[in-house]
There are 2 protein chains.
Amino acid sequence: MNPRSLTVALVQHACSSDAAANRRHVDAALREARARGARLVLLQELHDTPYFCQTEDPALFDLAEPIPGPRSEALGALARELEVVVVASLFERRAPGLYHNTAVVFDRDGRLAGRYRKMHIPDDPGYYEKFYFTPGDLGFTPVDTAVGRLGVLVCWDQWFPEAARLMALAGADLLLYPTAIGWDPQDEEDEKARQLDAWRTVQRGHAIANGLPLLACNRIGTETAPDGSGSIDFWGHSFIAGPQGEILAEAPPNDPEILIQEIDLSRAEQVRRIWPFLRDRRIDAYQDLLRRYRDEATTKNR
Amino acid sequence: MNPRSLTVALVQHACSSDAAANRRHVDAALREARARGARLVLLQELHDTPYFCQTEDPALFDLAEPIPGPRSEALGALARELEVVVVASLFERRAPGLYHNTAVVFDRDGRLAGRYRKMHIPDDPGYYEKFYFTPGDLGFTPVDTAVGRLGVLVCWDQWFPEAARLMALAGADLLLYPTAIGWDPQDEEDEKARQLDAWRTVQRGHAIANGLPLLACNRIGTETAPDGSGSIDFWGHSFIAGPQGEILAEAPPNDPEILIQEIDLSRAEQVRRIWPFLRDRRIDAYQDLLRRYRDEATTKNR
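Notes on the structure follow. (Residues numbered from 1 in each chain as written. Chains lettered and ligands numbered in written order. Predicted model: local features only at pLDDT ≥ 70, side-chain atom pairs only at ≥ 80, totals over all residues. Heavy atoms only, no water.)

Below, the discussion takes up the environment of B:Lys192. Residues and elements named next belong to chain B. As for its position among the elements, Lys192 is in helix H5 (residues 189–210). Residue Lys192 is classed as buried on the basis of its relative accessible area of 11%. A C-alpha to C-alpha distance of 31 Å links Lys192 and Leu150, two positions 42 residues apart in sequence. (Helix = DSSP H or I, 4+ residues; strand = E, 2+ residues; numbered from the N terminus. Buried < 20%, exposed > 50% of the residue type's maximum accessible area, 1.4 Å probe, protein only.)

With that settled, consider the packing of helix H4 (residues 161–169) of chain A against helix H5 (residues 189–210) of chain A. Residues and elements named next belong to chain A. Axis separation between H4 and H5 bottoms out at 10 Å; the angle between their running directions is 35°. Where H4 crosses over H5, the handedness of that crossing is right-handed. The residues of H5 that touch H4, namely those facing Pro161, Ala164, Arg165 and Ala168, are His206, Ala209 and Asn210. Partitioned by chemical class, the residues of the contact of H4 with H5 number 4 nonpolar, 2 polar and 1 charged. (Axes fitted to C-alpha atoms, helices over the stretch in contact; angles between N-to-C directions. Left-handed = near helix turned anticlockwise from the far one by under 90°. Contact = heavy atoms within 4.5 Å. Nonpolar A, V, L, I, M, F, W, Y, C, P; charged D, E, K, R; others polar.)

A separate point is the environment of B:Ser229. Checked against the element boundaries, B:Ser229 lands in the loop between strand E11 (220–224) and strand E12 (231–235). Among the polar contacts made by the side chain of B:Ser229, one reaches the side chain of B:Asp227 at a distance of 2.6 Å. (Polar contact = N/O pair within 3.5 Å; in protein donor to acceptor, adjacent residues only side chain to side chain.)

This part takes up the relation of the copies chain A and chain B. For the pair chain A and chain B, the relating rotation is 180°, the translation along its axis is 0.0 Å, and the fit reaches an RMSD of 0.0 Å. One copy is carried onto the other by what is essentially a two-fold rotation axis. By C-alpha distance to the rotation axis, the residue of chain A lying nearest is A:Gly205, at 2.6 Å. Most of the interface of chain A is mirrored in chain B: 100% of its interface residues are interface residues there too. (Least-squares fit on C-alpha atoms with pLDDT ≥ 70 in both.)

Let's shift gears to the pattern of salt bridges. In the structure shown here, the tally under the stated rule is 60 salt bridges over all chains. Its salt-bridge partner being A:Arg71, residue A:Asp27 comes within 3.3 Å of it at the nearest N-O pair. Residue A:Asp27 is found in helix H1 (residues 19–35), and its partner A:Arg71 is found in helix H2 (residues 70–82); the two are separated by 44 residues along the sequence. According to the relative accessible area criterion, A:Arg71 is buried, its value standing at 6%. The partner of B:Arg149 in a salt bridge is B:Asp144, and the shortest N-O contact between them spans 2.6 Å. Since its relative accessible area comes to 2%, B:Arg149 is described here as buried. Here B:Asp144 falls in the buried class, since its relative accessible area comes to 11%. (Salt bridge = Lys/Arg side-chain N within 4 Å of Asp/Glu carboxyl O.)

So, on to H1(A). All names here are of chain A. Helix length check: H1 (17 residues) gives 24 Å between terminal C-alpha atoms against 24 Å at 1.5 Å per residue, within 8%. In this fold, the buried residues of H1 make contact with strand E1 (5–12), strand E2 (40–43), H2, strand E3 (85–95) and strand E15 (257–264). The opening residue of H1 is Asp18, an N-cap whose side-chain oxygen sits 3.1 Å from the backbone nitrogen of Ala20. Gly37, located one to two residues past H1, shows a positive phi value of around 105°. (Expected span 1.5 Å × (residues − 1).)

Right, let's talk about the interface of chain A and chain B for a bit. On the chain B side, the residues contacting the 65 residues of chain A number 65 residues. Taken as a group, A:Leu289, A:Leu290 and A:Arg292 account for 11% of the area that chain A buries against chain B, more than any other trio of residues on that side. Our count for the contact surface shared by chain A and chain B stands at 8 salt bridges. Note that B:Glu162 and A:Arg165 form a salt bridge whose closest N and O atoms lie 2.7 Å from each other. On inspection of chain A and its partner chain B, the count reaches 36 residue pairs in polar contact (both at pLDDT 80 or more). Residue assignment for the side of chain A that touches chain B shows that the elements contributing at least two residues are H4, H5, helix H6 (267–274), helix H7 (277–280) and helix H8 (295–299) of chain A. With 11 residues, H5(A) is the single largest residue contributor to the side of chain A that touches chain B. Split by residue class, the side of chain A that touches chain B holds 30 nonpolar, 12 polar and 23 charged. (Buried area = accessible area lost by both parts, 1.4 Å probe.)

So, about the sheet that holds strand E11 (residues 220–224) of chain A. Residue and element names in this part refer to chain A. The strand order across the open sheet built from 3 strands is E9-E12-E11, with neighbouring strands paired in antiparallel fashion. The strands lining the two open edges of the sheet, one partner per strand, are strand E9 (182–183) and E11. As judged from the 5 bridges shared by E11 and strand E12 (residues 231–235), these two strands associate in the antiparallel manner. Within the sheet, the bridge partner assigned to Gly221 lies in E12 and is Phe234. (Pairing = 2+ DSSP bridges.)

Moving on, we get to the packing of aromatic side chains. Residues and elements named next belong to chain A. One pass over the full model with this rule turns up 48 aromatic pairs over all chains. Centre to centre, the rings of Trp275 and Phe277 are 6.2 Å apart; their planes meet at 20°, and the pair counts as stacked. Like Phe277, Trp275 is buried. The structure contains a cluster of three or more aromatic residues connected by ring pairs, namely Phe52, Phe61, Phe91, Tyr99, Phe131, Tyr132 and Phe133. Over the ring of Phe234 we find Arg219, and its NZ or CZ is 5.3 Å from the ring centre. (Phe/Tyr/Trp six-rings, centres within 6.5 Å; stacked < 30°, edge-to-face > 60°. Lys NZ or Arg CZ within 6 Å of the ring centre and 35° of its normal.)

The next thing to look at is the environment of B:Ala180. All names here are of chain B. Mapped onto the fold, Ala180 is located in the loop between strand E8 (174–178) and strand E9 (182–183). Overall, Ala180 belongs to the buried group, its relative accessible area being 1%. Sequence separation between Ala180 and Leu212 is 32 residues; the distance between their C-alpha atoms is 22 Å.

Residue and element names in this part refer to chain B. The N-to-C vectors of helix H1 (residues 19–35) and helix H2 (residues 70–82) enclose an angle of 20°; their axes lie 10 Å apart at closest approach. Considered as vectors, H1 and H2 are oriented roughly parallel to each other. The hand of the H1/H2 crossing is right-handed. Here H1 contributes Arg23, Val26, Asp27, Leu30, Arg31 and Arg34 to the contact with H2, which in turn contributes Arg71, Leu75, Leu78, Glu81 and Leu82. Partitioned by chemical class, the residues of the contact of H1 with H2 number 5 nonpolar, no polar and 6 charged. (Parallel < 35°, antiparallel > 145°, perpendicular 65-115°, else oblique.)

Our next topic: the sheet that holds E2(A). Residue and element names in this part refer to chain A. Reading across from one edge, E5-E4-E3-E2-E1-E15 is the order of the 6 strands in this open sheet, with mixed pairing throughout. Each of the sheet's edge strands pairs with one partner strand only, and the pair in question is strand E5 (112–117) and E15. The average angle at which neighbouring strand axes cross in this sheet is 30°, direction not considered. With 5 bridges joining them, strand E4 (residues 98–106) and E5 adopt antiparallel strand pairing. Across the sheet, residue Phe106 finds its bridge partner in E5, namely Leu112. Where H2 meets the sheet, its contacts fall on E3 and E4, and the angle it forms with E3 comes to roughly 165°.

In structure tokens, the structure reads:
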């Protein structure tokens, strides 16, 4: 097979409460990534604002914008100018009282090639996303672009093998995760280490199980909740893995970075030829994946 | 939550062409594991024989035995004598021309508590399992024992998140994988390293995605195909992971080992409380997991 080289970039940075400054940072990073050869740039989750879900505040829905809207149009214009595919992450206002955590894909001609509305929504202390984000209703559908078919998912989706699999079954060439995840500063160091490695490992597992390269772009910096109830140390560590889950590039925990990596998209098929998991899936025996819990199995023999 | 301690053992060893010697080794290891405190012992895949699937030879079906049969009854008797739960792996003769790769679970009273017939069957050069093993027809059903509900899967199942998920949804307390996997000696060292780490990583990913401890028991030693067509260096590295995918214990690549580890089964619920993935699964949007491929998605927009 002939190599199919693609240079990708992940933009990892801290976010301030100055949204205009964040947008300027993102736009400058897109220019730099392109100048360094990237043809696909993945931004982190909700890159224009602090991670505002640490408290539940109805006023914060003001941060949302329609898509298309001013910010998506500006990003699309920049994609067109730079001739680069951009995967961005926006707080989408769909209707009053109806908002989504939405990844948007701009093709290198600037066209809004597609969007993905975060399907799995977390909710735990400091991450009150179920208040802000209506669960996605567009399913797990990859987006075709000039550089390939992009299986874009968002953050909490990272923990669900089902999401990655559905993207792979729909022909995704890459899995991409904008994300915002960090440590509770109160946690012990060993717990922090387990959490970081679990986050990396479960995603590497998706790369392996599906024979696909995977990109995860996370933010950095400490952000304190507006009401002082807590804070999050976003752990960075944005990374790029190959289709055997091997780490190709990884950003540091605390520093901004434009992580650039050339990947060979043809290697996915080489790997799938030696590990043909798609051939052997037991689709005749997976029905219960559509259930919440297999309760009868849990009481059988008792 | 009160800790629920369970001491487990994994028996990693080489297999010779002398089946009686292999059985004696297994039986002695069960005694030693019990003497060292194990209440649950996991054996490796097809522990009584060499890995006979390197060639396709109809005569090798002679290695299979019915279950119950002489070997399963001997293992059950040993489980009863030692008062230990045993997960073994046998070549099951179900009918002439109908054979399975079957894991058997003996409760500590020696009773055959249940069996699992390998559902995903590999077939690639040196691993001609589709010739020998009819795909399982018992589904993904865990087995209740005195030490917990055991989600027993086998080898190639390791690569399929669906299998682990279905066991978790059925209330499994642990995931267990008897396995026989190794390197092609012709492969480059970096490819070998990627394969080993992918094998470990995808399984750690199952532990994480399901919030469950996971045990994987692999064989060691180099075995040459009877026709000299190739050989496999079984890579050992049997391991025990916790519900965040953290490695709790790991065996070496080349030496026999009885790997003993105390695990706290209550930690799985603690982990699931901070990472409640089962709460957030999008069962309304997983239908296409039952399909071979989402072909229409792969042609949309083209």
